[in-house]
Amino acid sequence: MARRATKGDARADARWASLDVATTTTTTRGSTRAATRGDATASTRGDAVRRYRAMCVDGARGGACACARCADARGRRAREGSRAGASTRRDAGRGRTFASSTSEASARASEQAQDEASEAASGKLAAAMARSADSYMLFHPQYDLRQVENVKPAHRQPRHVRDYVAYGLVQFSRWSFDKVTGYTPKKSLTTDGWLMRFIFLETVAGVPGMVGAMLRHMMSLRTLKRDHGWIHTLLEEAENERMHLLTFLKLREPGLMFRLAVLGAQGVFFNAFFLSYLISPRTCHRFVGYLEEEAVRTYTHALHDIDGDGPASEWATTPAPKLAIKYWRMPDDATVRDLIIAVRADEASHSHVNHTLSSMGIRQANPFHVGHTELPENFVEPPAGFVPEHCR
Ligand SMILES: [Fe+2]
Ligand SMILES: [Fe+2]
């Protein structure tokens, strides 16, 4: 019992001694080792190490660690600092010191490297954003402007009742709109007059493709059957019309009354087209085919104005908006006249596509695959070699 008490006392003494002052650990540990033959030594050393580490952590956080090792480190840093200061002060009389010139040069190099890295990063970001902005777009056309300059208005003769209904509706709509806006094909318009007409018509023209795509999408979900490739073509048409609108908006900003008129027109036309497409999709595609014939006629009139000596002739030299140059991938020096030529080619394509879709069965596979860019001279007829179901 006495031996056990002696061993316990020695262990306790050694532990407290090591916790109080780390530098006395060796002595305490030595006397403990002598007194207890080893087993208390491990325990004492372990406590000392744990305590030392804890103090160092405290010191690292607050900078006020009282342990011997941290105190030594602080002293060493202070001595090195004062030696460096003395060296810099000695060199100061000879002008710019080596130390300062080295630090300034390294600071400049560091700033330059940071600038370069930042420029490279922002350049990469801009390129990535441009790529992603482009990737937002569906397929969009690129024309040989010399070829599409020769697009001429065309007309498909109505052959069935639905054709006459569609054609009659388009003619009535055009007549009414022309009356309200005071437009005649014989009268020249100013650039503002043309832009207001284009902008209003494009807000309407972007509706049918989206409605058709949406309803075919829903039909596919509802009937658990595939769509046969129509949806993407219709969505491309809707986006293409919206790009016409956004491009013309770069040239003129409409006022409040105009915006209200657009709101009313969309409310009426969207609902009317939606219901009509549910009843007879083929009549709706024929309606769009005839509507686009009229659009080709209107843009041809605008080009005639641009090539004449009226107020719109300034568009022959006015640079096209950057948005248009990027979208139609036109040359950098493209003009608004080139833009109108590209838009007219788009309208001819829409007429070509919609007249063809109208003659097809609703389950017949779409011949206009993604990336299809062929525009036949007689664009109101189906593509060469393709026979729609209702033309057999
Ligand atoms: Fe358009
Ligand atoms: Fe169109």
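Before reading on, note that the structure itself is shown above.
The sections below set out a description of the structure shown in this document. (Residues numbered from 1 in each chain as written. Chains lettered and ligands numbered in written order. Predicted model: local features only at pLDDT ≥ 70, side-chain atom pairs only at ≥ 80, totals over all residues. Heavy atoms only, no water.)

All right, on to the coordination of the iron ion (ligand 1) then. Angles between donor atoms at a metal ideally measure 109.5 degrees for a four-coordinate tetrahedral arrangement and either 90 or 180 degrees for a six-coordinate octahedral one. On the protein side, the iron ion (ligand 1) has E202 (OE), E202 (OE), E241 (OE), H244 (ND1) and E347 (OE) as donor atoms, found 2.0 to 2.5 Å from it. If you look at the iron ion (ligand 1) and the iron ion (ligand 2), they sit 3.7 Å from each other and are both ligated by E241. Of this pair, H244 sits in helix α10 (residues 230-249) while E347 sits in helix α14 (residues 336-359), and the two are 103 residues apart along the sequence. (Donors = N, O, S within 2.8 Å, 3.2 Å for Na, K, Ca; no water. Helix = DSSP H or I, 4+ residues; strand = E, 2+ residues; numbered from the N terminus.)

What follows is about the coordination of the iron ion (ligand 2). Listed as protein donors to the iron ion (ligand 2) are E241 (OE), E292 (OE), E292 (OE), E347 (OE) and H350 (ND1); their distances from the metal cover 1.8 to 2.4 Å. We note that the donor set of the iron ion (ligand 2) lies within a single chain, spaced as E-x50-E-x54-E-x2-H.

Before going further, it helps to spend a moment on helix α9 (residues 207-223). Its 17 residues place the ends of α9 24 Å apart at the C-alpha level, agreeing with the 24 Å of an ideal helix rising 1.5 Å per residue. Structurally, α9 contributes buried residues whose contacts are with α8 (191-205), α10, α11 (256-279) and α12 (281-307). Directly after α9, the chain includes L224, whose backbone phi takes a positive value near 60 degrees. (Expected span 1.5 Å × (residues − 1). Contact = heavy atoms within 4.5 Å.)

On to the packing of aromatic side chains, then. In the structure shown here, the tally under the stated rule is 15 aromatic pairs. Centre to centre, the rings of F269 and F287 are 6.4 Å apart; their planes meet at 35 degrees, and the pair counts as tilted. With F269 in helix α11 and F287 in helix α12, the pair connects residues that are 18 residues apart, well separated along the chain. F287 shares its class with F269; the two are buried. Here a set of aromatic residues connected by ring pairs shows up, and it is made of Y183, W194, F198, F248, Y299 and W315. Positioned over the ring face of Y183 is R197, at 3.7 Å from the centre of the ring. (Phe/Tyr/Trp six-rings, centres within 6.5 Å; stacked < 30°, edge-to-face > 60°. Buried < 20%, exposed > 50% of the residue type's maximum accessible area, 1.4 Å probe, protein only. Lys NZ or Arg CZ within 6 Å of the ring centre and 35° of its normal.)

Note that M210 resides in helix α9. For M210, a relative accessible area of 43% puts it in the partly exposed group. As for M210 and F274, which are separated by 64 residues in sequence, their C-alpha atoms are 9.8 Å apart. Leaving out residues up to four positions away in the same chain, M210 has contacts with L234, L235 and A238.

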